[in-house]
Amino acid sequence: MLIREAVEADMPRICALNDVVQRLHADHRPDVYRRPAEPEGLLTILNKARTEPAWRLWVAEPEIDVQGYVATELIEKSETALRKPHSEGHIHHISVDPAARRNGVGRALAQHAIAVLREQRADRITVGYWAFNKPSEALFGSLGFEPASVYAELVF
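The structure contained in this document is the topic of the report that follows. Source: prediction; values computed, not measured.

Quick look at the overall build of the protein
The number of helices and strands found in the protein is four helices and five strands. Each helix (α) and strand (β) of the protein, taken in turn from the N terminus, gives the series β-α-α-β-β-β-α-β-α. The globule rule puts the C-alpha radius of gyration for 156 residues at 15 Å, and the 16 Å found for the protein is close to it. Based on the C-alpha atoms only, the size of the protein along its principal axes is roughly 50 × 45 × 30 Å. Out of the 156 residues belonging to the protein, those deemed buried represent 38%. In the protein, once contacts between residues fewer than 6 apart in sequence are set aside, the share between residues at least 24 apart is 63%.

Written as structure tokens, this is what we have:
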């Protein structure tokens, strides 16, 4: 499976793949997520992942069409009175076309993201996902990710 850096020509397909995740989030949390995402804002976010130095945007192309993408960022955390300095790799987005699921596309993208972030000298890699997103929980758990903190909310 070919995993390569995204190029401008991939952006319409990446936006369509983002809509898969956006719908999942909006279905479960309509109080938080737009459905659909605001197109220009989404493109701005994804282009940031494609063009800014600390970010990377990768696509999976198992055959002739992009079937998934992953966006990562290397975040340099400076020392504070409470925290030691460290380099944190973060997986911001991962999405796979529903027709391509259960074929290793998500796993290949996640493994690629991990490898790239390690090459960039991240000393830890984080990913966030909603509790309702069981496929993400299963994928990242199978790759060795363990819960590190709990984020709770009180909604009015």
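Remarks on the pairing of strand β5 (residues 124–127)
Two elements, strand β4 (residues 86–96) and β5, share four bridges in a ladder whose sense is parallel. Bridge pairing in β5 places His 90 opposite Thr 126. With respect to chirality, the unit in which β4 leads through helix α3 (residues 105–119) into the neighbouring parallel β5 is right-handed.

Re helix α4 (residues 134–142)
Those residues of α4 that fall on the buried side of the exposure criterion are Ser 136, Leu 139 and Phe 140. Take α4 and look down its axis: the buried residues cluster within an arc of 90°, on one side only. In this structure Asn 133 caps α4, since a side-chain oxygen of it lies 3.2 Å from the backbone nitrogen of Ser 136. Of the residues one or two after α4, Gly 144 is the one with positive phi, at around 100°.

Parameters and conventions
Residues numbered from 1 in each chain as written. Predicted model: local features only at pLDDT ≥ 70, side-chain atom pairs only at ≥ 80, totals over all residues. Heavy atoms only, no water. Helix = DSSP H or I, 4+ residues; strand = E, 2+ residues; numbered from the N terminus. Rg over C-alpha atoms; globule rule 2.2 N^0.38 Å. Buried < 20%, exposed > 50% of the residue type's maximum accessible area, 1.4 Å probe, protein only. Contact = heavy atoms within 4.5 Å. Pairing = 2+ DSSP bridges. Right-handed = clockwise from strand over helix to strand, strands pointing away. Arc of directions from axis to C-beta. Polar contact = N/O pair within 3.5 Å; in protein donor to acceptor, adjacent residues only side chain to side chain.

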